[in-house]
Amino acid sequence: MTNTASPSKRLKTPDDSPLKILFLAPLGLWLAVLFLLPLAFLLWIGFWRVENFQAVPAFSFGNYAEIFASFFSKSRYGLALVQSLWVAITTAAVATILSYLVALSIAFAVPGRWQRLALLLAVAPFWSSYVLRLYSWQTILSRNGVINSVLKQVGLSDYRIDIIYTQIATRIGLIHYLAPILIVILYVSILAIDKVLIEAARELGCTRWQAFTRVILPLSRFGLMTAASFAVIVSLGDALSGNLLGGGAGASIIGKLPTYASMIMSDYSSSTNLPRTSALATILIAVMVLALAFGFVAADRAHRRTS
């Protein structure tokens, strides 16, 4: 005779516990007050109109019509967006590769008891002010900065670098900002790889390079996609590096154009049309959401391949 408990007498699982909702409530409130509500307000302002130099609450697509009417001509918002995408994608690629090499070195070249210290040292630059780091790079990269002064002292003044106020300098500032975060993401991804698989590949005759390309790299693909997606999104929304190191409209292979985020900041500081600035920011948010969706799909596919 089987004794089946009635649904009312079943033990509650942790998911059914009211404590779960209680502990998640502060996080939900935090996200709602400091993220969702400001975001909704920003989106709402984008539909307002300006009358007598004052923003008037309304629902109008006039701001978007004005922006897209000259998206690639007078305002060059479209070209600035292309510049931002180019800078963000190339920055993400370089930052992810460099951070991946550092994460690999910590995971496989540093003894286990020292790995936490090595990771702590890799993350240490993140504790300093981002603005302070950018001004430090200005001192290093400027025409009379540290690097050019050293080259002049050793008699190599003909090889002076001139990358300040270019998008290359913008990328350097972004990579310095992104690297500590990406290293942590990639280190955790590498640490999750079963070391038995690597040892088995080595015992079956694989060289170190073959073990890396056939075992480590495929199994860390999810972390790589996640890190690259994060880097693209942060680079798209950053304006400080483009202004302080890129000089606003930094030179690039696309042309001497500002990034889209820098153009939003310039529009905000030089115009009284706050609704149009909000509409410009909304367009950038839409592009970032698309980049996030693309990264999520790529990371999900990578996860399915390795699961």
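Now for a quick tour of the structure. Just so we're clear, the structure is a prediction, and the values are computed from it rather than from any experiment.

Here helix H3 (residues 77-109) crosses helix H7 (residues 167-191) at 45°, and the two axes come no closer than 6 Å. What the angle tells us is that H3 and H7 run oblique. The crossing of H3 and H7 is right-handed. Per-class residue counts for the contact of H3 with H7 are 21 nonpolar, seven polar and one charged.

A few words now on the nonpolar core. The biggest cluster of nonpolar side chains holds 52 residues, and the ones touching the most others in it are Ile 67, Tyr 77, Tyr 100, Ile 106, Ile 216, Leu 236 and Tyr 260. The biggest single contributor to this core is H3, with eleven residues. Filtering out sequence-adjacent residues up to four positions away, Tyr 77 remains in contact with Ile 67, Phe 71, Tyr 260, Met 263, Asp 267, Arg 276 and Leu 280. Among the nonpolar cores identified, the runner-up in size contains ten residues, and Tyr 130, Leu 134, Leu 141 and Ile 164 belong to it.

According to the stated counting rule, one finds five salt bridges in the structure shown. Residue Glu 51 pairs with Arg 49 through a salt bridge whose shortest N-O separation is 2.6 Å. Between Glu 66 and Arg 276 there is a salt bridge; the shortest N-O distance is 3.3 Å. Separated by 210 residues along the polypeptide, Glu 66 in helix H2 (residues 62-69) and Arg 276 in helix H13 (residues 274-306) bring together distant segments of the chain. Classification of Glu 66 by relative accessible area gives partly exposed; the value is 40%. Ionic contacts of the salt-bridge type, sharing partners, join the residues Glu 66, Asp 267 and Arg 276 into one network.

What counts and what doesn't
- Residues numbered from 1 in each chain as written.
- Predicted model: local features only at pLDDT ≥ 70, side-chain atom pairs only at ≥ 80, totals over all residues.
- Heavy atoms only, no water.
- Axes fitted to C-alpha atoms, helices over the stretch in contact; angles between N-to-C directions.
- Helix = DSSP H or I, 4+ residues; strand = E, 2+ residues; numbered from the N terminus.
- Parallel < 35°, antiparallel > 145°, perpendicular 65-115°, else oblique.
- Left-handed = near helix turned anticlockwise from the far one by under 90°.
- Nonpolar A, V, L, I, M, F, W, Y, C, P; charged D, E, K, R; others polar.
- Core = buried A, V, L, I, M, F, W, Y, C linked by side-chain atoms within 4.5 Å.
- Buried < 20%, exposed > 50% of the residue type's maximum accessible area, 1.4 Å probe, protein only.
- Contact = heavy atoms within 4.5 Å.
- Salt bridge = Lys/Arg side-chain N within 4 Å of Asp/Glu carboxyl O.

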